[in-house]
Amino acid sequence: MSTTNLASQAEDTPFVEFWNEILAPKFFRFKHVLVGGLTKHSEAIFPTLPVKKGDRVLDVGCGFGDTAIKLADLVGPEGEVVGVDCCDAFLDFAIEDAKAKGIENASFMRGDAEVALPEGEFDFVFARFGTMFFANPVAGLRNMRKALKPGGKMVHIVWRNRADNPWLSMAKDVVMEFLPEPGDDAQTCGPGPFSMSNKEMVQTMMKSAGYENVEHRRVDAPVMVGNDVEDAIEFQLAIGPAGEVFREAGEEAEQKRDEIVAALTEAINKQKISTDGIAMDSSSWVISAENPKV
Ligand SMILES: C[S@@+](CC[C@H](N)C(=O)[O-])C[C@H]1O[C@@H](n2cnc3c(N)ncnc32)[C@H](O)[C@@H]1O
């Protein structure tokens, strides 16, 4: 198993550079929080995915490759899964993990889904929390549709609104009491995690990208934001909306670190704490759609 680059891949965009240089190391550090939490949202729908033995499946923004590996099991040895991601470190991990698990029907490919994906090859396209970062979402969603065979199906999972996702929004509210909102020139991973939370807007995007039978289904799940309060604070200050405010504030954030940590400790201590860690509520949309048959 190895990675291939999509042939038509242009130079990395600033978002792709940001994923590789800034976010990937943080995602590795907090893999226990991220994969554990995100899995709650895919586990809920995996048994109902329109995938059958022998299918060819594309997993877009596959990250550490865990969903690609599960999809490889669903399609069986006669089927095949391709995971695509713009981040080298995630792909390297996914390749090693698939090898260690003896998975022979999954391969991984480096590519920017907004620029190009393989065309017309897949029965099913999947993305778990990979599409909200597209700077041009209709272009990315259209490339995903064009990757499908006529009549092929897709499912992508995105976060619902801030209010129903305190695991991401609460810490930002706390941090914002101390630091300014990042400016227009902030370095980011692309539009934020809530960029596809508006159902009507995403229905319009999906239709503009050429899909039909677009449906939204809500999934709610408590996620672990850390093994303990300290882990949860480090996670919040590294990744997500609070992490972005903290990172962009630079020196000012470091000067106020103690005050911010004290405020976050108070807020996190009010959450559900057990021996498993700190649990907070999260909520996603599972969006399903079809590529027209002709
Ligand atoms: C929040 S992570 C989710 C990863 C994985 N799907 C999961 O659920 O654990 C978003 C992923 O999308 C990838 N990504 C972001 N923009 C992308 C793009 N334009 N093309 C391909 N991958 C992208 C990132 O590198 C990252 O692995």
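In this report, the structure presented in the accompanying data block is examined. (Residues numbered from 1 in each chain as written. Predicted model: local features only at pLDDT ≥ 70, side-chain atom pairs only at ≥ 80, totals over all residues.)

**Some remarks on the overall build of the protein**
Moving on, step 1. The helix and strand inventory of the protein stands at 11 helices and 9 strands.
Moving on, step 2. Scaling as 2.2 N^0.38, a compact globule of 294 residues should have a C-alpha radius of gyration of about 19 Å, and the protein matches this with 19 Å. (Helix = DSSP H or I, 4+ residues; strand = E, 2+ residues; numbered from the N terminus. Rg over C-alpha atoms; globule rule 2.2 N^0.38 Å.)

**Details of unusual backbone geometry**
Moving on, step 1. With a phi close to 55°, F129 is a non-glycine residue in the positive phi region.
Moving on, step 2. Among the secondary structure elements, F129 is positioned in the loop between β5 (122–128) and α5 (137–147).
Moving on, step 3. Its 21 C-beta neighbours within 10 Å are what place F129 among the buried residues.
Moving on, step 4. Of note, N213 is a non-glycine position whose phi angle comes to about 50°, a positive value.
Moving on, step 5. For N213, the position within the fold is in strand β7 (residues 212–226).
Moving on, step 6. According to the C-beta neighbour criterion, N213 is exposed, with 11 such atoms within 10 Å. (Buried ≥ 20, exposed ≤ 12 C-beta atoms within 10 Å, placed from the backbone.)

**A closer look at helix α2 (residues 31–43)**
Moving on, step 1. An ideal rise of 1.5 Å per residue puts 18 Å on 13 residues; α2 measures up with 17 Å between its terminal C-alpha atoms.
Moving on, step 2. Listed as buried for α2 are V33, L34, G37, L38, H41 and S42. Down the axis of α2, the buried side of the element spans an arc of 150°, and every buried residue falls inside it. (Expected span 1.5 Å × (residues − 1). Arc of directions from axis to C-beta.)

**Here's the deal with the site of the ligand**
Moving on, step 1. Close to the ligand lie 21 residues, the nearest being G61, G63, C87, A113 and R128.
Moving on, step 2. Counting residues per element, the ones that place at least two in the shell around the ligand are α2 and β3 (80–85). (Near = placed C-beta within 6 Å.)

**What to know about the pairing of β5**
Moving on, step 1. Counting buried positions over the 7 residues of β5 gives 7, a clear majority of the element.
Moving on, step 2. Sheet topology places β5 next to strand β6 (residues 148–159); 6 bridges connect them, and they run parallel. The partner of F124 across the bridge, within β6, is K153.
Moving on, step 3. Remark: the β5/α5/β6 crossover connection has right-handed handedness. (Pairing = 2+ DSSP bridges. Right-handed = clockwise from strand over helix to strand, strands pointing away.)

**Considerations on the packing of helix α8 (residues 229–238) against helix α11 (residues 257–269)**
In a packed pair of helices, the relevant descriptors are the angle between the two axes and the axis-to-axis distance.
Moving on, step 1. Axis separation between α8 and α11 bottoms out at 10 Å; the angle between their running directions is 120°. One element, α8, and the other, α11, form an angle in the oblique class. Both α8 and α11 take part in a crossing whose hand is right-handed. Here α8 contributes V229, A232, I233 and Q236 to the contact with α11, which in turn contributes V261, L264, T265, I268 and N269.
Moving on, step 2. In terms of residue class, the contact of α8 with α11 is built from 6 nonpolar, 3 polar and no charged. (Axes fitted to C-alpha atoms, helices over the stretch in contact; angles between N-to-C directions. Parallel < 35°, antiparallel > 145°, perpendicular 65-115°, else oblique. Left-handed = near helix turned anticlockwise from the far one by under 90°. Contact = placed C-beta atoms within 7 Å. Nonpolar A, V, L, I, M, F, W, Y, C, P; charged D, E, K, R; others polar.)

**So, the pairing of strand β4 (residues 106–110)**
Moving on, step 1. Direction of pairing for β3 relative to β4: parallel, over a ladder of 5 bridges. In the sheet register, V82 faces β4, and the bridge partner there is S107.
Moving on, step 2. Once you follow β3 into helix α4 (residues 88–100) and on to β4, the crossover reads as right-handed.

**Re the environment of F15**
Moving on, step 1. Assignment of secondary structure puts F15 in helix α1 (residues 14–29).
Moving on, step 2. For the pair F15 and A116, spaced 101 residues apart in sequence, the C-alpha to C-alpha distance is 15 Å.

**Here we look at the packing of helix α6 (residues 166–175) against α11**
Moving on, step 1. Packing of α6 against α11 brings their axes to within 9 Å, and their N-to-C directions diverge by 140°. Taken together, the axis directions place α6 and α11 in an arrangement best described as oblique. Seen from above, α6 lies across α11 with right-handed handedness. Contacts from M170, A171, V174 and V175 of α6 reach α11 at I260, A263, L264 and A267.
Moving on, step 2. Split into classes, the residues belonging to the contact of α6 with α11 amount to 8 nonpolar, no polar and no charged.

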